[in-house]
Amino acid sequence: MKLERRSFLKLSAAAVGAVSVGGAATLVSRAKAAPWYTQEVRQVFSICENCFWRCGIKASVVGNRVYKVEGYKENPKSRGMLCPRGQGAPAQTYDPDRLKKPLIRVEGSERGAGQYREATWEEALDYIAKKMLSLKEQYGPESIAFFGHGTGDGWFVDFLPAAWGSPNAAKPSVSLCTAPREVAAQYTFGRAIGGHEPIDWPNTRYIVLIGHHIGEDTHNTQLQDWSQARKNGAKLVVVDPRFSTAAAKADRWLPIKPGTDTALLLAWMHVLIAENLYDKAYVQKYTVGFEQLAAHVKPYTPEWAEKETEIPAQVIREVAREMARHKPKAVLPPTRHTVWYGNDTQRMRALYILNALLGNYGREGGFYIAMPPYLEKYPTPPLPLEPNAGGCSGPAKAESEPEGYKPRADKGKFLAKSTAIQELIEPMITGKPYPIQGLFAYGINLFHAIPNVPRTKEALSKLDLYVAIDVLPQEHVMWADVILPEATYLERYDDLVAVAHKTPFIELRMPAHEPLWDTKPGWWIAKELGKRLGLEQFFPWKDIEEYLDTRLQSVGLDLETMKQMGTMVQNGKPWLTDWEKENTLPFGTLSGKIELYSEALAKAGFDPLPVYEPPEAAPEGFYRLLYGRSPVHTFARTQNNPVLMEMEPSNSVWLNAEEAQRLGFKAGDYAYLVNQDGVREGPVRVKATQRIRKDAVYITHGFGHKAKGMSLANGRGASDSYLQTRYTLDPISGGAGLRNNYVKLEKAPAPRLKSVVQILKERRA
Amino acid sequence: MARLGMLIDLSACVGCAACAVACKMENQVPAGASRLWIREREVGTFPNLTVEFRPEQCNHCENPPCVPVCPTGASYQTPDGLVQVDYNKCIACGACVAACPYDARYINKKGYADKCTFCSHRIAKGQQPACVETCPTYARVFGDLDDPNSEISKTLKAAGRQDVLRPEMGTRPKVIYLNAPSKKGLTQEVTRHD
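Residues numbered from 1 in each chain as written. Chains lettered and ligands numbered in written order. Predicted model: local features only at pLDDT ≥ 70, side-chain atom pairs only at ≥ 80, totals over all residues. Heavy atoms only, no water.

Let's shift gears to the overall build of chain B. Check the secondary structure of chain B and you find five helices and ten strands. Considered along the principal axes of its C-alpha atoms, chain B spans approximately 50 × 40 × 30 Å. Within the span of chain B, comprising 194 residues, buried residues form 58% of the whole. Of the contacts made within chain B by residues no fewer than 6 positions apart, 57% connect residues no fewer than 24 positions apart. For chain B, the accessible surface area stands at approximately 8000 Å², while carbon and sulfur atoms represent 51% of it. (Helix = DSSP H or I, 4+ residues; strand = E, 2+ residues; numbered from the N terminus. Buried < 20%, exposed > 50% of the residue type's maximum accessible area, 1.4 Å probe, protein only. Contact = heavy atoms within 4.5 Å. Areas by Shrake-Rupley, 256 points an atom, 1.4 Å probe, with all protein chains shown as cover.)

All names here are of chain B. Ordered in space as E8-E1-E10-E9, the four strands form an open sheet in which the pairing is mixed. Each of the sheet's edge strands pairs with one partner strand only, and the pair in question is strand E8 (140-144) and strand E9 (162-163). For E9 and strand E10 (residues 175-178), the ladder comprises two bridges, and the chain directions are antiparallel. Following the sheet pairing, Gln-162 is matched in E10 by Leu-178. (Pairing = 2+ DSSP bridges.)

Below, the discussion takes up the nonpolar core. Residues and elements named next belong to chain A. By size, the foremost hydrophobic cluster in this structure holds 95 residues, and its most contacted members are Trp-226, Trp-268 and Leu-332. The dominant element in this core, judged by the number of residues it contributes, is helix H9 (residues 261-274), at ten residues. Of the residues that make up this core, three or more belong to each of domain 2 (199-368 + 582-599) and domain 3 (623-764). Excluding anything up to four places from it in sequence, Trp-268 contacts Val-208, Ile-210, Val-239, Leu-254, Ile-316, Val-319, Ala-320, Met-323, Leu-332 and Leu-354. Counting 69 residues, the second largest nonpolar core, distinct from the first, contains Val-69, Leu-135, Trp-523 and Leu-552. (Core = buried A, V, L, I, M, F, W, Y, C linked by side-chain atoms within 4.5 Å. Domains from an automatic or database assignment.)

Turning next to the interface of chain B and chain A. Residue-level contacts link 49 residues of chain B with 53 residues of chain A. Between chain B and chain A, roughly 4200 Å² of surface is buried when both sides are summed, and carbon and sulfur atoms account for 59% of that area. Here chain B is connected to chain A by five salt bridges. A salt bridge links Arg122(B) to Glu70(A), with the shortest nitrogen-to-oxygen separation between them at 2.7 Å. The interface formed by chain B and chain A contains 17 residue pairs in polar contact (both at pLDDT 80 or more). Breaking the side of chain B that touches chain A down by element, the ones donating at least two residues are helix H1 (18-26), strand E2 (36-45), strand E3 (48-57), helix H3 (120-123) and helix H4 (130-134) of chain B. Considering every element that reaches the side of chain B that touches chain A, the biggest residue donor is H1(B), with seven residues. Residue composition of the side of chain B that touches chain A, grouped by class: 27 nonpolar, 13 polar and nine charged. (Buried area = accessible area lost by both parts, 1.4 Å probe. Salt bridge = Lys/Arg side-chain N within 4 Å of Asp/Glu carboxyl O. Polar contact = N/O pair within 3.5 Å; in protein donor to acceptor, adjacent residues only side chain to side chain. Nonpolar A, V, L, I, M, F, W, Y, C, P; charged D, E, K, R; others polar.)

On to the packing of H9(A) against helix H14 (residues 344-357) of chain A. Residues and elements named next belong to chain A. Where H9 meets H14, the closest approach of the two axes is 9 Å, and the angle between their N-to-C directions is 25°. As far as their axial angle goes, H14 and H9 are roughly parallel. In this structure, H9 crosses over H14, and the sense of that crossing is left-handed. Contact residues: H9 offers Asp-261, Thr-262, Leu-265, Trp-268, Met-269, Leu-272 and Ile-273, while H14 offers Arg-347, Ala-350, Leu-351, Ile-353, Leu-354 and Leu-357. Looking at the contact of H9 with H14 residue by residue, the class counts come to ten nonpolar, one polar and two charged. (Axes fitted to C-alpha atoms, helices over the stretch in contact; angles between N-to-C directions. Parallel < 35°, antiparallel > 145°, perpendicular 65-115°, else oblique. Left-handed = near helix turned anticlockwise from the far one by under 90°.)

What follows covers the environment of Gly342(A). All names here are of chain A. Note that Gly-342 resides in the loop between strand E12 (330-331) and H14. Of the residues examined, Gly-342 reaches a relative accessible area of 6% and is grouped as buried. Along the primary structure Gly-342 and Pro-731 are separated by 389 residues, whereas in three dimensions their C-alpha atoms are 7.6 Å apart. Here Gly-342 is in contact with Thr-728, Leu-729, Asp-730, Pro-731 and Gly-737, once residues within four sequence places are set aside.

Quick look at the packing of H9(A) against helix H11 (residues 290-297) of chain A now. Residues and elements named next belong to chain A. Their axes nearest at 9 Å, the elements H9 and H11 cross at an angle of 115°. In terms of their interaxial angle, H9 and H11 are classed as roughly perpendicular. Both H9 and H11 take part in a crossing whose hand is left-handed. Facing Leu-266, Met-269, His-270 and Ile-273 of H9, the residues of H11 in contact are Phe-290, Leu-293, Ala-294, His-296 and Val-297.

A few words now on the confidence of the model for chain B. Model confidence for chain B is summarised by a mean pLDDT of 95, while 97% of its residues fall at 70 or above. Within the model, pLDDT remains below 50 along residues 190-194 of chain B, and this stretch shows eight contacts once partners closer than five positions in the same chain are excluded. (pLDDT = per-residue confidence, 0-100.)

Let us look at helix H18 (residues 522-532) of chain A. Residues and elements named next belong to chain A. Most of H18 sits inside the fold, with nine of its eleven residues counted as buried. Among all positions in H18, only Gly-522, Trp-523, Ile-525, Ala-526, Lys-527, Glu-528, Leu-529, Gly-530 and Arg-532 are buried. Those residues of H18 hidden inside the fold are in contact with helix H4 (121-139), helix H5 (153-164), strand E13 (438-442), strand E14 (465-470), strand E15 (482-485) and helix H19 (544-553).

Glancing now at the sheet that holds E13(A). All names here are of chain A. In space, the seven strands of this open sheet follow the order E5-E4-E15-E14-E13-E6-E7, with mixed pairing throughout. Lying at the two open borders of the sheet, with one neighbouring strand each, are strand E5 (116-118) and strand E7 (169-170). Examined bridge by bridge, strand E6 (residues 144-148) and E7 share two bridges and lie parallel to one another. In the strand pairing of E7, Phe-146 is matched with Ala-169. Sheet contacts for H4: strand E4 (103-105), E5, E6, E13, E14 and E15; angle to E15, the most-contacted strand, approximately 130°.

Structure, rendered in structure tokens:
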């Protein structure tokens, strides 16, 4: 899809004309500076990779460089708009710090010492395959774990381990993020929430966000929809210990005491039931267990909740009545990162039950019912195992393992069926319940995602094989035995992305240009490795284009057509009425209805109705460590991106202004954060602010890199992950509750670092 | 002729900087310089608070101080009311940079003053400026203030509170802020230090 020839000529003529006015000397320099858009621009459809919202984009390419990406209207994720991370994402492809060639750790050097020699792909892949086959012979295929995150993770965390025969495949997006809300949704609605939270924003009239940072986690469509809902006049209530961006837009801010959310939810249910404000017809028709629920919430009055939450009983009552007045167009959307205190599945159950009392699930202004698009798999021979990692759209389904295969190493530690990534670290150290001696890390940042970094480092040091596939020399990557440099999202095809949605759709990523340096796409790496492992039969396709073309045939398309479309949209069944027309209901629970009371949880020995557990108190002199997102950064992935780092080069620690004064911190001061186990992070700038309670501090996630090869990221800010040396395992979902960590602040000198701009200027010169 | 301007609705803006990054990419703005930036200021005391997220850029003033100070005529106003720089006439003397009360200009090392153009190259193709097109909160409206049927005119007509930056300078900015969150209007302006 090129620019129309005529407009291209017109533009270049204008540029040439302008230049000719100048003198001879400037003619050369300014001709060189002719902007990219005056040259021949190709446009290529792709999918953004700077977060996992996965917006459809159009890349503008000149030669071997993408200058600009934009959303496009036909794509239901971007709809023609992009967030800052998406806009700035191409800068990563041209980052001089990228991994450029396969690397093998120098024999005899220690893991983590960072001594490597360059290798050919042939040698690197042979090395890995040989080691894998020997581990398989000695310990079995389950002795290799596969961790990954990103659009390409399907090759390495779903497909390859299932073909290879290891159930130990895991993604951080499950037990370090969405597990509680997804498991709770299964026990309540019998359906996933999914990666695109299915809220009917355009029609909602009343929104209650609990710890949900819209505007700071710039999930593009969600931000668009939420903004539109507010423009339409929807009322907004924000429950957060911090005056978040969303709180700044709210009609009411409830600065709740951290960790007491379930008490608030129970009190709201109490009011709806005690004052007869809930949707009786809906509850009767679509739910089971109302009588038990009514009896259960009877003692949880707003006065009781006020003592726990520090929110006035009167306010609790008023908000409950306002919700009821707007029902069913009142909604409490589930946030994505729900691993907070360890009892998180129960909190999410409480949230869903409250939504059900408002009668909003499957109805306009509430939750729509998301359906996945129709798309067939590539016909390979049956894999020995079912992919087991799950994802942010819910847990895996594998209940038991086929004969001859071991169960996943974390089985039995919690109720859910999906793998909990943090529970696979221990077996690497103890060899129990069986040894895990090998690890693949694709795209995930082991140290900035998994809590208890010292334990992770100990585990890495014990492995027989550790392979990292990445685009940047992240700290954990530089511990690997073999480092495989992947092509970035602009340089590769990936598998089709199929999104469950109000209008289900399929989107395509295709390369904008050839991979730079000696980098390779994930699909190629997986296939080449498969060949060496004796798994050729599972990779019967010649190349990715044949693979994609075959899958697209199943929906009446082909790759060439899809390349011109970017996105294919299908019809969904978003409302209960759509299902009732077909005489069915969407609920996949045992009862076939929304389960306010969960018989399944009762049978498994858990509370069938959500019970409030007060949070553990912070030790004397410590603040609870809260964390969240910056709108211009994603996880620990973007802190070496020159454009995004210029926008926000570091995080800062939010400290209540009065506390700051008490501790003697002034504007511009720096602090170390020291946690309850003596781990120290920083120096990090102190943001003395009115925008947070006195009992907590807050930092954005993703900073505090300790990777020498990442010249912009290294040493800037503080890492919340390194300070999370503890977590509380959610016994239902396997989620790792991360908010039971505490820090105190110690005065620190300003860090001696070149500014990001200075480094970028030196690069240019 | 048209009178091109822009509205920024501060009740919608979340300060995410999508506009600033889009601008940086579209115009390949060099490191250390910006044509568009975000200010964030909190107002009030716990728990009675508000935060102003405010993008700033060249205001394409109707009475631009940067134009008369230019010794070579490089800074000029187009018939559409845009304030632009002719890179070939510019000698990078910096007079316009000093004259701008909004700190909207910088000297490009290639030898000329530079700033927001409202993406005139995109307007010429019938597109929106990059900052407007990408805004995920629908905070920005661009168009012809003289056309009563344009979206910008209609939005302005229906809008509540309207402010411009430093009205006392008499520059008559065409970037207009709607719905400033503080009752006192736009928060205090300070000079930007890069």
